[in-house]
Amino acid sequence: MTVETLMREEVIEGGLAAEAPRTIQWSSVFAGALAASAMSFILIGFGLAVGLGVSSASPTWRDASAALALLSGLYLIIQAIVSFGFGGYIAGRTTRPEPTLTTIEDDGERRDGLHGLTAWALAVLAGAALLALLGAAAIDRSPMRSSASNTSAAEPLLSYELDKLFRAPRRAPNTDLREARAEAGRILMTSSSHSGVAADDRTYLVQQVAAVTGLAAPDAEKRVDALIADAKTAINRARRNSIIVAFSVAAATLIGAAVAWAAAVAGGRHRDGAPLPNWMASANRFHRNPRAMPVP
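Note that the structure is predicted; figures quoted are calculated from it, not measured. (Residues numbered from 1 in each chain as written. Predicted model: local features only at pLDDT ≥ 70, side-chain atom pairs only at ≥ 80, totals over all residues. Heavy atoms only, no water.)

Chemist: Kindly report on the overall build of the protein, identifying the contributing residues and their values.
Modeler: Each helix and strand counted, the protein has nine helices and zero strands in total. Looking at the protein as a whole, 36% of its 296 residues qualify as buried. Restricting to contacts in the protein with at least 6 residues of sequence separation, those with at least 24 account for 69%. For the protein, the accessible surface area stands at approximately 17,400 Å², while carbon and sulfur atoms represent 64% of it. (Helix = DSSP H or I, 4+ residues; strand = E, 2+ residues; numbered from the N terminus. Buried < 20%, exposed > 50% of the residue type's maximum accessible area, 1.4 Å probe, protein only. Contact = heavy atoms within 4.5 Å. Areas by Shrake-Rupley, 256 points an atom, 1.4 Å probe, with all protein chains shown as cover.)

Quick look at the structure:
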């Protein structure tokens, strides 16, 4: 029986393991969360700059291919691995070890991993809160909130189709089309349903287009049919891209939790000057005083 085994048995028999404090050092957690958030901001900003995004203020963002959506999702996962790995390592490296846990390797690693996981959770919550605040501010400043009757969820998605629907060479000045556009947008949103646009809604839309644009009934009918097809295509593309991005966000968040735990364990071992586990052995060379892996 080795000396290490005897020390472990003495610690267990003496009750030190059961009485070890389970505290979180919030300074390390906040440091890791800030580091992860900063790195994520940099990488996401770089991805948007090079075009790795499937949403934009331009109406042509809906024409993004499935390959671009998948590539954007893959980049989102990669940036989560890098960001949360960096933040988890900072959290584990800056955590002070508990004296009662110095002889219990598993408890020490578990404690470092929990610090990395807590830093991951704090960074995710901070990012979600920031996005919620930005979204709320954007909605409050939108001119579409002038009245409830003029508000339509279709306006950001189908703004180009609505422009084409009510396009006219001549129009009376000071014509307010907000209510007509909102109503037409709600009708066009039903084009992606299983039953499509109802016959009475289609007839009403043809009458509205003819009245606003001055087109003849056959021309207005052709325009409405063409734009119903265009709206259905645009909605389906936006729905496909949204599903890919939502899945990528969920996968990146879950993978980031595992990476933050592992990185925090690595940071704690580097802090203690201990060798890394076998599955992390390649990162041991970054420590300034590497030690040989123990021989079983």
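Chemist: Go over the packing of helix α6 (residues 154-165) against helix α9 (residues 217-272) with me, naming the residues and quoting the values.
Modeler: Axis separation between α6 and α9 bottoms out at 10 Å; the angle between their running directions is 170°. Classed by the angle they form, the pair α6 and α9 counts as roughly antiparallel. Here α6 contributes Leu157, Leu158, Glu161, Lys164 and Leu165 to the contact with α9, which in turn contributes Arg223, Val224, Leu227, Asp230, Ala231, Ala234, Ile235 and Ala238. Of the residues belonging to the contact of α6 with α9, the class tally is nine nonpolar, no polar and four charged. (Axes fitted to C-alpha atoms, helices over the stretch in contact; angles between N-to-C directions. Parallel < 35°, antiparallel > 145°, perpendicular 65-115°, else oblique. Nonpolar A, V, L, I, M, F, W, Y, C, P; charged D, E, K, R; others polar.)

Chemist: Can you tell me about the pattern of salt bridges, naming the residues and giving the values?
Modeler: Across all of its chains, the model carries five salt bridges by this definition. Here Glu109 ties to Arg269 by a salt bridge, and the two come within 2.4 Å at their closest N and O atoms. A residue pair is termed long-range when its members are at least 10 positions apart, and Glu109 in helix α5 (residues 105-140) and Arg269 in helix α9 qualify at 160 residues. As far as burial versus exposure is concerned, Glu109 and Arg269 are alike and both buried. For Glu221, the salt bridge goes to Arg202, with nearest N and O atoms at 2.6 Å. (Salt bridge = Lys/Arg side-chain N within 4 Å of Asp/Glu carboxyl O.)

Chemist: So, the environment of Pro97: which residues are in play, and what are the values?
Modeler: Considering the arrangement of structural elements, one finds Pro97 in the loop between α4 (66-94) and α5. Accessibility expressed as a relative area gives 43% for Pro97, which makes it partly exposed. Counting along the chain gives 14 residues from Pro97 to Arg111, while the straight-line C-alpha distance between them is 8.7 Å.

Chemist: Provide a residue-level description of the packing of α6 against helix α7 (residues 178-189), including the pertinent values.
Modeler: Contact geometry for α6 and α7: axes closest at 9 Å, N-to-C directions at 105°. Comparing their axes, α7 and α6 come out roughly perpendicular. On α7, the residues that touch Ala154, Glu155, Leu157, Leu158, Ser159, Leu162, Asp163 and Leu165 of α6 are Arg181, Ala184, Gly185, Arg186, Leu188 and Met189. Partitioned by chemical class, the residues of the contact of α6 with α7 number eight nonpolar, two polar and four charged.

Chemist: Which residues make up the nonpolar core, and what values do they have?
Modeler: Formed by 23 residues in total, the largest nonpolar core has its most connected members in Leu158, Leu165, Phe166, Leu188, Leu205 and Val224. Looking at this core, the elements with two or more residues in it are α6, α7, α8 (199-213) and α9. Among the elements that make up this core, the one with the highest residue count is α9 (eight residues). Beyond its immediate stretch of four places on either side in the chain, Leu188 contacts Leu158, Leu162, Leu205, Leu227, Ile228, Ala231 and Ile235. Ala36, Ile77, Ala80 and Ala123 belong to the second largest nonpolar core, which has eleven residues in total. (Core = buried A, V, L, I, M, F, W, Y, C linked by side-chain atoms within 4.5 Å.)

Chemist: Describe α7, and please don't skip the residues or the numbers.
Modeler: Because an α-helix completes one turn every 3.6 residues, residues spaced three or four positions apart along the sequence face the same direction. Helix length check: α7, at twelve residues, gives a terminal C-alpha distance of 16 Å against a target of 16 Å (1.5 Å per residue), a fit within 8%. Every buried residue of α7 is listed here: Ala180, Arg181, Ala182, Ala184, Gly185, Ile187 and Leu188. (Expected span 1.5 Å × (residues − 1).)

Chemist: Let's hear about the packing of aromatic side chains: which residues, and what values?
Modeler: Per the stated rule, a full pass over the model turns up one aromatic pair. An angle of 50° between the planes, with centres 6.3 Å apart, marks the rings of Trp26 and Phe30 as tilted. Here the residue Trp26 and the residue Phe30 both occupy positions in helix α3 (residues 26-49), the gap between them amounting to four residues, near one helical turn. (Phe/Tyr/Trp six-rings, centres within 6.5 Å; stacked < 30°, edge-to-face > 60°.)

Chemist: Talk me through the environment of Asp219; I want residue IDs and the actual numbers.
Modeler: Considering the arrangement of structural elements, one finds Asp219 in helix α9. Here the alpha-carbon distance between Asp219 and Val209, two residues ten residues apart in the chain, equals 9.6 Å.

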